[in-house]
Structure formats: C-alpha cells, structure tokens
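Tertiary structure, described
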Amino acid sequence: MKTLLTTIIITLISVSCRAQGITEEEKAWLVENIKQNMVFVEGGTFMMGDQGYIDENGYQRWFSDLGNARPAHPVTLTSYSICKYEVSYKEYDLYTKEKGLEPIYSRFLGYECREGDNAAVGMTWLEALDFCKWLSEITGLPINLPTNSQ
C-alpha cells in the first residue's frame, strides 16, 4: 500500500511539473501568430487633446473635464508596429502556462467568457506589461503596451 501511495504521489508531482511550460509547437504557433498580426504604423505628428470651442459669449470651453487633455498639442511619434487584434485567451493562456501562473478567469471572470479567440480581459496593467516583455523575449521583437499617444 505504501509503495502504491508513493507511486501515485510521484506521478502527481511529475504530471504537475510537466504542466509547467509550453511545448515548442505552442511556442512556434504563438510567435508566428503574433508576427502575422502585427501592422506597421508610420510615424508622424498629429494634434492630441481637447481642441475645445468658443461659446456664444466668447469664452473658451472644453469638451473634456480632464485637465491633461487640454489644450490640444502636437505629438510626434516614431514609426511602430502594433497587433491588429486584441490578445486572445488562447495566447494569454500560453503565457500563464509557461510561467506557472493562475489563469485569469479563475480570478476575474466566469469560465463561460473564456472562449479561446475572445479578447483576454481581467489582467492588471502590470500583468499585461509582463506578458509583453515575455512576448519580446520569445519573438525577438520590441513588444510593449501602446502608449496613450499610440
């Protein structure tokens, strides 16, 4: 009985250890998928912020209550690439599997929302940033969260 119990425990530990990490096929799929979905955005200058308007009494009025959105100001961006689709649960799940992290649905959402191609939601800003850093490592591309201007 003790030998059987030891065998079961060793099997569970080895299955648990194998569950950490992704296969080379999964990694290759993710890298190819990310690279195919990147679109190039030509850099340039544009006006960003609240242009506001002059009311009937000649006073400056703003469309936004956010002070950092006004006044409109020129912003210049260098060229960059951005993924044309939001990150899917399928893609983000490979990251959590590789890093041995808890899937995001168990912390934030009901399971029924987690179809593989649906946009992944529920991670914190820092978790999203860590995902981007990891994608940079495995793709060799400079991947980051988009800035407010982008």
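Basis of the calculations
- Residues numbered from 1 in each chain as written.
- Predicted model: local features only at pLDDT ≥ 70, side-chain atom pairs only at ≥ 80, totals over all residues.
- Heavy atoms only, no water.
- Helix = DSSP H or I, 4+ residues; strand = E, 2+ residues; numbered from the N terminus.
- Contact = heavy atoms within 4.5 Å.
- Areas by Shrake-Rupley, 256 points an atom, 1.4 Å probe, with all protein chains shown as cover.
- Core = buried A, V, L, I, M, F, W, Y, C linked by side-chain atoms within 4.5 Å.
- Buried < 20%, exposed > 50% of the residue type's maximum accessible area, 1.4 Å probe, protein only.
- Salt bridge = Lys/Arg side-chain N within 4 Å of Asp/Glu carboxyl O.

1. Focus: the overall build of the protein chain
Looking only at helices and strands, one finds 5 helices and 6 strands in the protein chain. In sequence order, the secondary structure elements of the protein chain are arranged as α-α-β-β-β-β-β-β-α-α-α. Relative to all contacts within the protein chain whose residues are 6 or more apart in sequence, the contacts with residues 24 or more apart total 68%. As displayed, the protein chain offers around 10,600 Å² of accessible surface, 57% of which is attributable to carbon and sulfur atoms.

2. So, the nonpolar core
Of all hydrophobic cores here, the largest spans 16 residues; its most connected members are Leu30, Tyr92, Phe131, Trp134, Leu135 and Ile138. No other element matches helix 5 (residues 125-139), which puts 5 residues into this core. Sequence-distant contacts of Ile138, defined by excluding residues within four places in its chain, comprise Lys27, Leu30 and Val31.

3. Digging into helix 3 (residues 89-99)
For an α-helix the count is 3.6 residues per turn, leaving residues at separations of three or four pointing the same way. Along helix 3, the residues that are buried comprise Tyr89, Glu91, Tyr92, Leu94, Tyr95 and Thr96. After helix 3 finishes, the residue Gly100 shows a positive phi value of roughly 70°.

4. Here we look at the pattern of salt bridges
If the charged atoms of two oppositely charged side chains come close together, the side chains can form a pair. A complete count under the given rule lists 2 salt bridges for this structure. Its salt-bridge partner being Asp55, residue Arg61 comes within 2.9 Å of it at the nearest N-O pair. For Arg61, a relative accessible area of 37% puts it in the partly exposed group. On the basis of relative accessibility, which here comes to 11%, the residue Asp55 falls in the buried class.

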